[in-house]
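# Summary of the model geometry
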Amino acid sequence: QVQLVESGGGLVQTGGSLRLSCAASGSIIALNAMGWYRQAPGKQRELVARITTGGSTSYVDSVKGRFTISRDTAKNTVYLQMNGLKPEDTAVYYCNIQTTWYVYWGQGTQVTVSS
């Protein structure tokens, strides 16, 4: 079985930085992409960043220039470097791994940005 374990969330002040990590155990077969989603209270879950097996990245407009997604393919780990954090970034962040056969989700990690 494949399990995703997230870490790196926490409480920071406006302008601070955090790096989220998501490590997948087991072998990932037919990997297509890895990504990060977030969900704030009262809002729907949104795709924040995504990276394909070829290294192509995409971001939601609100985080462009501030967030960077990266991966360590050998370790089946995806990262989200978050700089210049704003209160509106406060949410539960979920990592996601997409394969031809299935989609896997992490347990979520809380990111809180205070003024």
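Quantities reported herein were computed from a predicted structural model and do not represent experimental measurements. Numbers given for residues are sequential positions, taken from 1 along each chain in its written order. Reporting of local features is limited, given that this is a predicted model, to residues whose pLDDT is at least 70; pairs of side-chain atoms are given and counted only at 80 or more, and all residues count toward the totals for whole chains, interfaces and linings. Calculated side-chain values reflect all of the structure's heavy atoms, with hydrogen atoms and water omitted.

Looking only at helices and strands, one finds 0 helices and 11 strands in the chain. Reading the chain from its N end, one meets helices and strands in the order β-β-β-β-β-β-β-β-β-β-β. Residue burial is assigned from relative accessible area. The probe radius is 1.4 Å, only protein chains are included, and a residue is buried under 20% of its type maximum, exposed over 50%, and partly exposed in between. A burial count over the chain gives 40% of its 115 residues as buried. Here a residue-residue contact requires only that any non-hydrogen atoms of the pair lie within 4.5 Å. When contacts within the chain are restricted to residue pairs at least 6 apart in sequence, long-range pairs at least 24 apart make up 53% of them. Note on areas: Shrake-Rupley with a 1.4 Å probe; residue coverage comes only from the protein chains shown. As displayed, the chain offers around 6100 Å² of accessible surface, 49% of which is attributable to carbon and sulfur atoms. Separation between the mean location of the 10 positive side-chain charges and that of the 6 negative ones in the chain comes to 3 Å. Secondary structure elements follow DSSP: runs of H or I of four or more residues count as helices, runs of E of two or more count as strands, with numbering from the N terminus. His is not counted, nor are the chain ends, whereas Lys and Arg count as positive and Asp and Glu as negative. To locate a charge, take atom NZ for lysine, CZ for arginine, CG for aspartate or CD for glutamate.

Backbone hydrogen bonds hold the strands of a sheet together, and the pairing may be parallel or antiparallel. The pairing criterion for strands is at least two bridges between them, as found by DSSP. Pairing is antiparallel across the open sheet formed by 4 strands, whose spatial order is 1-3-8-7. Sheet topology places strand 1 (3-7) and strand 7 (67-72) at the edges, where each strand pairs with a single neighbour. Neighbour-to-neighbour, the strand axes of this sheet turn through a mean angle of 15 degrees, independent of strand direction. Note that strand 1 and strand 3 (residues 18-25) share 5 bridges and pair antiparallel. Paired with Ser7 across the strands is Ser21, a residue of strand 3. Only C-alpha atoms enter the line fits that serve as axes; for helices the fit covers just the stretch in contact. Angles between N-to-C directions range over 0 to 180 degrees.

A few words now on the pairing of strand 3. Note: strand 3 against strand 8 (residues 77-82), 6 bridges, orientation antiparallel. The residue bridging Ser21 from the neighbouring strand is Tyr79, located in strand 8.

It is worth spelling out the state of the cysteines at this point. By convention in this document, the label disulfide applies to cysteine sulfur atom pairs within 2.5 Å. Throughout the structure, instances matching the rule amount to 1 disulfide. At a sulfur-sulfur separation of 1.9 Å, the disulfide partner of Cys22 is Cys95. Its torsion about the S-S bond being 40 degrees, the disulfide of Cys22 and Cys95 is classed as right-handed. Taken together, the residues Cys22 in strand 3 and Cys95 in strand 9 (residues 91-99) connect sequence positions 73 residues apart.

It is worth spelling out the layout of surface pockets at this point. Looking at the largest pocket, its volume works out to about 180 Å³. If you trace the largest pocket, you find 13 residues lining it, with Arg38, Ala40, Lys43, Glu46 and Glu88 closest to the centre. A breakdown of the residues in the lining of the largest pocket according to their chemical character gives 2 nonpolar, 4 polar and 7 charged. Every definition here rests on a 1 Å grid over the protein atoms only: cavities are sets of points where a 1.4 Å probe fits but cannot get out, pockets are open sets enclosed by protein on both sides within 12 Å along at least five of seven lines, and lining residues have some atom within 4 Å of a point. Grid points are joined across faces, edges and corners, and a volume is the space filled by probe spheres set on the points. Ten residues, namely Ala, Val, Leu, Ile, Met, Phe, Trp, Tyr, Cys and Pro, are considered nonpolar, four, namely Asp, Glu, Lys and Arg, are considered charged, and the remaining ones, Gly among them, are considered polar.

The next subject is a nonpolar patch on the surface. Here the term patch refers to residues with relative accessible area over 30% and no salt bridge, with like charges joined within 9 Å and nonpolar side chains (Val, Leu, Ile, Met, Phe, Trp, Tyr) within 5 Å. We define a salt bridge as a contact between a side-chain nitrogen of Lys or Arg and a carboxyl oxygen of Asp or Glu at a distance within 4 Å. On the surface, Ile29, Trp101 and Tyr102 cluster together into a nonpolar patch covering about 450 Å² of accessible area. Relative to the assigned elements, Trp101 resides in the loop between strand 9 and strand 10 (103-105).

This part is about the nonpolar core. Think of a nonpolar core as a cluster: buried Ala, Val, Leu, Ile, Met, Phe, Trp, Tyr and Cys residues, connected wherever their side-chain atoms sit within 4.5 Å. One finds Trp36, Phe67, Val78, Leu80, Met82 and Tyr93 to be the most contacted residues of the largest nonpolar core, which totals 27 residues. Every element with two or more residues in this core is listed here: strand 3, strand 4 (31-39), strand 5 (46-52), strand 7, strand 8, strand 9 and strand 11 (109-114).

Attention shifts here to the side chain of Gln98. Within the fold, Gln98 resides in strand 9. Once residues within four sequence positions are removed from consideration, Gln98 is found in contact with Ala30, Leu31, Asn32, Ala33, Tyr37 and Arg50.

Now for the pattern of salt bridges. Enumeration according to the criterion identifies 4 salt bridges in this entry. Between Glu46 and Arg38 there is a salt bridge, with the nearest N and O atoms lying 2.8 Å from each other. Judged by its relative accessible area of 29%, Glu46 falls in the partly exposed class. A relative accessible area of 6% places Arg38 in the buried class.

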